[in-house]
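Descriptive analysis of the structure
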Amino acid sequence: MRALAAALAALACALGAAAGARAQDVHGRPSREALAVEADRLATQGLRHFIAYQQRLLGVHERVRQAGAELCPGQQRPVLGLFAATAEELPAAYRAAARRDYGLDERPRVLFVLPDFPAARAGLRAGDVIVRFGGRRVPDAVSVLRMGAPGAERTIRVEIERTGRREERELEIRPGCSFPASAFYHDEVQAFAESGAAFLAITTGMLRFARSDDELAVVLGHELAHLVTGGLGTRGGEADADYLGCYFAARAGFDVAVAPVLWRRMSLAHPASLVERGFYSHPPSHERELALAATLREIQAKRSAGLPLEPERGT
Ligand SMILES: [Zn+2]
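Procedures and definitions
Residues numbered from 1 in each chain as written. Predicted model: local features only at pLDDT ≥ 70, side-chain atom pairs only at ≥ 80, totals over all residues. Heavy atoms only, no water. Helix = DSSP H or I, 4+ residues; strand = E, 2+ residues; numbered from the N terminus. Buried < 20%, exposed > 50% of the residue type's maximum accessible area, 1.4 Å probe, protein only. Contact = heavy atoms within 4.5 Å. Areas by Shrake-Rupley, 256 points an atom, 1.4 Å probe, with all protein chains shown as cover. Axes fitted to C-alpha atoms, helices over the stretch in contact; angles between N-to-C directions. Parallel < 35°, antiparallel > 145°, perpendicular 65-115°, else oblique. Nonpolar A, V, L, I, M, F, W, Y, C, P; charged D, E, K, R; others polar. Pairing = 2+ DSSP bridges. Disulfide = S-S within 2.5 Å. Donors = N, O, S within 2.8 Å, 3.2 Å for Na, K, Ca; no water. Tetrahedral: all angles 85-135°; square planar, octahedral: opposite > 155°, others 65-115°. Phe/Tyr/Trp six-rings, centres within 6.5 Å; stacked < 30°, edge-to-face > 60°. Lys NZ or Arg CZ within 6 Å of the ring centre and 35° of its normal. Salt bridge = Lys/Arg side-chain N within 4 Å of Asp/Glu carboxyl O.

Looking now at the overall build of the protein chain. Secondary structure assignment for the protein chain yields 10 helices and 11 strands. Across the 315 residues of the protein chain, 48% fall into the buried class. A separation of at least 24 residues holds for 61% of the contacts in the protein chain among residues at least 6 apart in sequence. For the protein chain, the exposed surface amounts to about 15,400 Å²; the carbon and sulfur share of it is 54%.

Okay, here's the thing in structure tokens:
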């Protein structure tokens, strides 16, 4: 007990010393200052995790919706390859850390850009504040994602603020399927296609469950297919989403051969997934796997013949 107390005191001492705060109170417990320093550190780390989740999700999702553009006629928006946020758009627990560590405030600020996507190619980078997008003021980051359905223009003008100075950039317009994706904290293994919100939400539980980007692409393709076809929560809708989802992922260059194993793992880990509604209203596993095997053969045959990956049915 004494050894533990001593170790804790030493730890508190080290933490406090690092921050120049008094480490212990008169009873040898960590001081309020030391606790506050540690809470800040935890929030900093948590926020980095949150950003890493978004980065993994966006890295796959932007590829999938870009490659699937042709499958979303009339439902397109530019693929930007950036993640921005105002402090208020982040989970409440991380807002203070976001203000402190990344200078976030009420304006949408870039937290990362994906290499080779239009935002990065136009020179945007983390820390830039997005002031105007296509000539219009943007109140928050969500409105950046919702703006600018591509017309005939090849580029879109973006005004940014970097270290206090205004700059203008031209972003190349790459059409993709409309629907942006966002990760949110929940341990359940779930993804939602909110057709009303035209948004794709995915839990951190699902991001951990998907072992590879190929698996993640299959999940995102499936959800995207729901949004594109509007088929939600019916068994036919699920089979169609499986079919079209494989095409979405395959067109983006992901290995869709992982699909049957992914859905089998899902049905074994979450048996309820076979009977419930929403994402969980899937056909029985064996039926699903046979249908998927046929879809994979169809895609493979097109690849071998050098044909474009256009689905035979669906959109
Ligand atoms: Zn589904």
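Looking now at the packing of helix H2 (residues 32-67) against helix H3 (residues 95-102). In the contact formed by H2 and H3, the axes pass within 9 Å of each other and the chain directions differ by 85°. Taken together, the axis directions place H2 and H3 in an arrangement best described as roughly perpendicular. Contacts between H2 and H3 pair Asp40, Ala43, Thr44, Leu47, Arg48 and Ile51 from the former with Ala97, Ala98, Arg100, Asp101 and Tyr102 from the latter. Split by residue class, the contact of H2 with H3 holds six nonpolar, one polar and four charged.

Residue alternation in strand S2 (residues 82-85) divides its side chains into two sets, Leu82 and Ala84 and Phe83 and Ala85, and both sets are buried. One ladder, built from four bridges, connects S2 with strand S3 (residues 109-113); its direction is antiparallel. Bridge assignment links Ala85 to a residue of S3, and that residue is Arg109.

One pass over the structure, following the stated rule, counts one disulfide. Between the sulfur of Cys72 and that of Cys177 lies a disulfide, 1.8 Å long from S to S. With the S-S dihedral at roughly 70°, the linkage between Cys72 and Cys177 falls on the right-handed side. Within this pair, whereas Cys72 is found in the loop between H2 and strand S1 (76-78), its partner Cys177 is found in strand S8 (residues 175-177), the two being separated by 105 residues in sequence. By relative accessible area, Cys72 is classed as buried at 0%. Classification of Cys177 by relative accessible area gives buried; the value is 0%.

Binding of the zinc ion to the protein goes through His222 (NE2), His226 (NE2), Glu238 (OE) and Glu238 (OE), at separations of 2.0 to 2.7 Å. Coordination at the zinc ion is irregular: its four donor atoms span angles of 52 to 143° at the metal. In primary sequence terms, the donor set of the zinc ion follows H-x3-H-x11-E. Placement of His222 in helix H7 (residues 213-229) and of Glu238 in helix H8 (residues 235-251) is noted, with a sequence separation of 16 residues between them. Glu238 matches His222 in its accessibility class, with the two residues each being buried.

As a further point, take the packing of aromatic side chains. Under the counting rule described, the total for this entry stands at six aromatic pairs. An aromatic cluster of at least three residues, connected via ring pairs, comprises Phe50, Tyr53, Tyr94 and Tyr185. Note that Arg288 overlies the ring of Trp263, its terminal NZ or CZ placed 3.9 Å from the centroid.

The next point concerns the environment of Tyr94. Turning to its location among the elements, Tyr94 is positioned in the loop between S2 and H3. Overall, Tyr94 belongs to the buried group, its relative accessible area being 16%. Considering only alpha carbons, one finds Tyr94 and Gly46, 48 residues apart in sequence, at a separation of 7.3 Å. Among all residues touching Tyr94, those that are not within four sequence positions of it are Ala43, Gly46, Leu47, Phe50 and Tyr185.

This brings us to the pattern of salt bridges. Tallied over the full model, the rule gives 27 salt bridges. With its nearest N and O atoms 3.3 Å apart, the salt bridge here joins Arg157 to Glu170. Here Arg157, found in strand S6 (residues 155-162), pairs with Glu170, found in strand S7 (residues 165-172); they are 13 residues apart in sequence, far enough to count as distant. Its relative accessible area of 46% is what places Arg157 among the partly exposed residues.

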